[in-house]
Amino acid sequence: MDLLQSYKDDDEELDHRHEDQNPSSSPDSSPPRLLQAKSAAPKVDGTMLALTVAKASQALSKPIDPVQHAVAFNPTYDQLWAPIYGPAHPYAKDGVAQGMRNHKLGFVEDASIGSFVFDEQYNTFHKYGYAADPSGNEYVGDLDALQKNKAVSVYNIPQQEQKRRKLQKKKENEEEGDEDVGPSMDATEIENPATDTWLMKNRKSPWAGKKEGLQAELTEEQKKYAEEYARKKEEKGGGGGDKGEPVADKTTFHGKEERDYQGRSWIAPPKDAKASNDHCYIPKRLVHTWSGHTKGVSAIRFFPKYGHLILSASMDTKVKIWDVFNSGKCMRTYMGHSKAVRDICFSNDGTKFLSAGYDKNIKYWDTETGQVISTFSTGKIPYVVKLNPDEDKQNILLAGMSDKKIVQWDMNTGQITQEYDQHLGAVNTITFVDNNRRFVTSSDDKSLRVWEFGIPVVIKYISEPHMHSMPSISLHPNTNWLAAQSLDNQILIYSTRERFQLNKKKRFAGHIVAGYACQVNFSPDGRFIMSGDGEGSCWFWDWKSCKVFRKLKCHEGVCIGSVWHPLEQSKVATCGWDGLIKYWD
C-alpha cells in the first residue's frame, strides 16, 4: 500500500510542475498528456519467445524433410504430400526419395485431365478448330464450326455421319475413275480385268494401277556380280542348309605297294603283334616324329587292338594314316572335307573309320582303299562321332551336333533312326558304358547326361553349380570309372555304376587346360592316367595316389591329343597344334 501511495504522490507532483511551466494551458486548449504506467512485474525480453513462435508456425507450414526419422508434431495432409524443395535428397540421384516415386523418373502428380480426353480435344481442335475448355463447360476456338458440326469430336462422330462420308468418298473415287477412263475407251476394255483400264477403274490403292515393267536381261556386269554373290553364299554354308558342302573325295596312297608278295593288304596287322607284358611304364624319350600336316592336328587314334597304324585328323582338312612299326611314314591321305576335321573314329576291326568335319559332313571311309562308303549330314556341325562298340551294331552311328542333339543313323539304310534332344548346348563327347547298353554325353551346358541306347530319355542328369564344361571323357580299362577333363584345370572321376556319382577322393590337377579340349586317356593296365595341356606338355598321374608321376614337354603350343599304345605298354603318341605327331618311349 505504501508503494501505491508513493506512486500517487509522484503523479500529483508531476501535475503541479506541468501547470507551473504552462500557465496559459487549459483543459479546453489541449488534451492531457498520459504517461506510461509502471508495472510491478519484472521486465522480460520477449524476442526469443517471438522467434520460437515464428519458427513453430514456419515448421507447420513447410513440407516434411524426408531425411528426418522422427516428426515432433502432427503434420497435415498437404505437408506430407507437398513437393520436395531445397537441396537434392542424399539417397537419390535426382533429389527424389525412393519412397516418393511412382514413376521411374520420379514422382508424377495426377493431372487435371486424362490422356485420352487430352488427345481427343487436341485432335478435335486441329481438325475442326474448336475444343472443350477443361477448366469449365465452355468451348474455345471457332464457334461457327462448333455450331455447324454440332460440337462433335473426332472420336464421337455419329454412325450416320460416318456412313454418309464413306458413300461420298466412294462416289468421288468413281467419278475420278470415269474421268480417267474417258469417253474414247472401249467398253470391253473396261470390263476385262486383264487390261490397264480395268485396273485404273477398280483400283483400291495408289499402287494397284501400276504394272511392273518387264525385267530386261542382265548386263554382263550384273551377271558377274550375281555369280560372285552365289559363290560367296555357298562358301558361307548357304545359311544353314539341309546338307553339308559337297566336296570331291580323293585319296592318295604313299606306300610302295598296296599288297605284299603274299597278297596281304597294307593294313593287315603283323601276326606276331602281342603284348610283351601286362605292366605299363611311363615314357621318357622321343622316339619318332610324324610331320606331314600343314596345320594343327586335332585328333589321333591307334589302329584297334594292334596299334601298327595311327590315324590323324588335321585342321588342313586332311586325314592321314601313318605306319608305326616299320617305316614310320605316311601310308595314305584321305581328302574329302572342305574344312577342318574335328573328330575320327575307327570301327572295331579297323577296316573302316568315320571322320567329322566343320563342313557339316560325316564321312564313312574304307581304310584300305580310301573310298568314301557313305556321307551323312544334318546341316549342323558334328563335334563328336562314335560307332556302337557291339559287334552286331557296327552299322549304328552316333554323332553329337552343334545344335544340342545327338543324332543316330543306320548306315545300312542312311536313315536317321533316333534323336536324343535334351542338352542345352553343343554336344562334346559320347562314351559307351555298362556293356554298351548305355552311353554318357557331355555338353557345353556344363552337364553330364546318361541315356539308354535307343531310348531318347535321360536316365541320369548330373549338373552341379561348381561344374565346368567337360570336352573330353575316357573310360577306365576296368569299365568302372569315367575320367572327365574339366575346364577348371582338373580331371574328375565318375562311377559308371547305377548312381554315376562323383568320386571326391580322386582328383587329378596341376595342368592348365582352361579353354582347350585336351584328350584324357588311361594306360592299358589302368595304373596311369594322362592328359595334354595348353602349354604343350603331357602329364602323367598315378591312378591310386593321384600324384603327378611325370611331365613331358611335347609340343610348341597346345598338346591336344594323347593316346597309349594298345600293345607296347611304355609307348605313347601325342599330337599338337604345331602340326606334329610324336611317339614317346
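Residues numbered from 1 in each chain as written. Predicted model: local features only at pLDDT ≥ 70, side-chain atom pairs only at ≥ 80, totals over all residues. Heavy atoms only, no water.

Per an unreviewed UniProt entry, the recorded name for the chain is Pre-mRNA-processing factor 17, and the organism is Rhizophora mucronata. Entered under Subcellular location (unreviewed entry) in the UniProt record, the comment concerning the chain runs "Nucleus". (UniProt positions renumbered as here; feature names shortened; annotations may be inferred.)

Draft legend 1. Molecular detail of the overall build of the chain. Along the backbone of the chain there are 9 helices and 31 strands. The proportion of buried residues among the 585 residues of the chain is 37%. Across the chain, contacts joining residues at least 24 apart in sequence account for 44% of those joining residues at least 6 apart. Carbon and sulfur atoms provide 52% of the accessible area of the chain, an area that totals close to 36,800 Å². (Helix = DSSP H or I, 4+ residues; strand = E, 2+ residues; numbered from the N terminus. Buried < 20%, exposed > 50% of the residue type's maximum accessible area, 1.4 Å probe, protein only. Contact = heavy atoms within 4.5 Å. Areas by Shrake-Rupley, 256 points an atom, 1.4 Å probe, with all protein chains shown as cover.)

Draft legend 2. Spatial organisation of the UniProt feature "repeat: WD" (unreviewed entry) in the chain. As annotated by UniProt and renumbered to match this structure, "repeat: WD" (unreviewed entry) occupies residues 290-324, 334-375 and 420-452. A helix fraction of 0% and a strand fraction of 57% characterise residues 290-324, whose end C-alpha atoms lie 10 Å from each other. Annotated as 0% helix and 58% strand, the span residues 420-452 places its first and last C-alpha atoms 10 Å apart.

Draft legend 3. Just the packing of aromatic side chains, in detail. In this structure the tally under the stated criterion is 27 aromatic pairs. Summarising the aromatic geometry, the rings of F118 and Y122 are spaced 6.1 Å apart at their centres and angled 20° between planes, so their arrangement reads as stacked. Of the two residues, F118 and Y122 both sit in helix α4 (residues 115-128), 4 residues apart, roughly one turn of that helix. Owing to a relative accessible area of 46%, F118 belongs among the partly exposed residues under this scheme. With relative accessibility at 45%, the residue Y122 sits in the partly exposed group. Judged by centre distance (5.9 Å) and plane angle (90°), the ring pair of F540 and W564 falls under edge-to-face. In this pair, F540 is assigned in strand β27 (residues 537-542) and W564 in strand β29 (residues 559-564), connecting sequence segments 24 residues apart. Take F540 and W564: they sit in the same class, and that class is buried. An aromatic cluster is built from F303, Y334, F346, F353 and W365, whose rings are joined through pairwise contacts. (Phe/Tyr/Trp six-rings, centres within 6.5 Å; stacked < 30°, edge-to-face > 60°.)

Draft legend 4. Geometry of the sheet that holds strand β4 (residues 286-291). Strand order in the open sheet made by the 4 strands is β4-β31-β30-β29, with antiparallel pairing throughout. Lying at the two open borders of the sheet, with one neighbouring strand each, are β4 and β29. On average, each strand axis in the sheet is tilted by 20° relative to the strand beside it, whichever way the strands run. (Pairing = 2+ DSSP bridges. Axes fitted to C-alpha atoms, helices over the stretch in contact; angles between N-to-C directions.)

Draft legend 5. Looking closely at the pairing of strand β20 (residues 458-462). Across 4 bridges, strand β19 (residues 448-452) lies against β20 in antiparallel orientation. From the neighbouring strand, V450 faces β20, where its bridge partner is K460. Counting the residues in the hairpin turn of β19 and β20 gives 5 residues, including G454, whose phi is positive at 90°.

Draft legend 6. Spotlight on the side chain of N395. Among the structural elements, N395 can be located in the loop between β13 (382-387) and β14 (396-401). A polar contact of 2.9 Å, which involves the side chain of N395, links it to the side chain of D410. Apart from the residues lying within four places of it in its own chain, the contact partners of N395 are W409, D410, M411 and N412. (Polar contact = N/O pair within 3.5 Å; in protein donor to acceptor, adjacent residues only side chain to side chain.)

Draft legend 7. Spatial organisation of unusual backbone geometry. Phi at K446 is positive, roughly 65°, even though this residue is not glycine. Position of K446 relative to the elements: it lies in the loop between β18 (438-443) and β19. Positive phi outside glycine occurs at C546, with the angle close to 65°. You can see C546 is positioned in the loop between β27 and β28 (548-553). The exposure class assigned to C546 is buried, which follows from its relative accessible area of 18%.

Draft legend 8. The arrangement of the sheet that holds β20 in detail. An order of β17-β18-β19-β20 is seen for the 4 strands of this open sheet, with the pairing classed as antiparallel. One side of each edge strand has no neighbouring strand; the edge strands of this open sheet are β17 (427-433) and β20. For this sheet, the mean inter-axis angle between neighbouring strands, taken without regard to orientation, is 20°. Relative to β19, β18 is paired through 5 bridges, and the arrangement is antiparallel. Paired with T441 across the bridge in β19 is R449.

Draft legend 9. Up close: the pattern of salt bridges. Per the stated rule, a full pass over the model turns up 15 salt bridges. Between R285 and D585 there is a salt bridge, with its nearest N and O atoms 3.8 Å apart. On the criterion of sequence distance, the pair formed by R285 in the loop between β3 (250-253) and β4 and D585 in the segment after β31 (580-584) is long-range, its members being 300 residues apart. What you see here is one network of salt bridges that share partners, running through D434, R437, R438 and E452. (Salt bridge = Lys/Arg side-chain N within 4 Å of Asp/Glu carboxyl O.)

Draft legend 10. Representation of the side chain of D445 in the model. Looking at the element boundaries, D445 is found in the loop between β18 and β19. Looking at D445, its side chain comes within polar contact range of the side chain of S447, at 2.7 Å. At 3.3 Å, the side chain of D445 forms a polar contact with the side chain of R449. The contacts of D445, once residues within four sequence positions are left out, are H423, L424 and G425.

Draft legend 11. Representation of the pairing of β13 within the structure. Along β13, 5 of the 6 residues are buried, which leaves the element largely enclosed by surrounding structure. Where β13 lies against β14, 5 bridges are found, and the strand directions are antiparallel. If you follow P382 over to β14, its bridge partner there is M401.

Draft legend 12. Spotlight on α4. For α4, built from 14 residues, the straight-helix expectation of 20 Å at 1.5 Å per residue is met to within 8% by its first-to-last C-alpha distance of 20 Å. When we look at burial in α4, the residues that qualify are E120, Q121, T124 and Y128. When α4 is viewed along its axis, its buried side chains cluster within an angular range of 90° and face the same direction. Residues of α4 that are exposed and point over 90 degrees away from its buried face: S115 and H126. Positive backbone phi, at 95°, marks G129, one or two positions downstream of α4. (Expected span 1.5 Å × (residues − 1). Arc of directions from axis to C-beta.)

Draft legend 13. Focus on the state of the cysteines. Within this structure, the stated rule accounts for 0 disulfides. Looking at the unpaired C554, the closest cysteine sulfur is the one in C538, lying at 4.9 Å. (Disulfide = S-S within 2.5 Å.)

Draft legend 14. Broad picture of a nonpolar patch on the surface. There is a patch of nonpolar side chains on the surface, built from Y77, L80, W81 and F107 and spanning about 470 Å² of accessible area. Turning to its location among the elements, L80 is positioned in helix α3 (residues 77-80). (Patch = residues over 30% accessible without salt bridge, like charges linked within 9 Å, V, L, I, M, F, W, Y side chains within 5 Å.)

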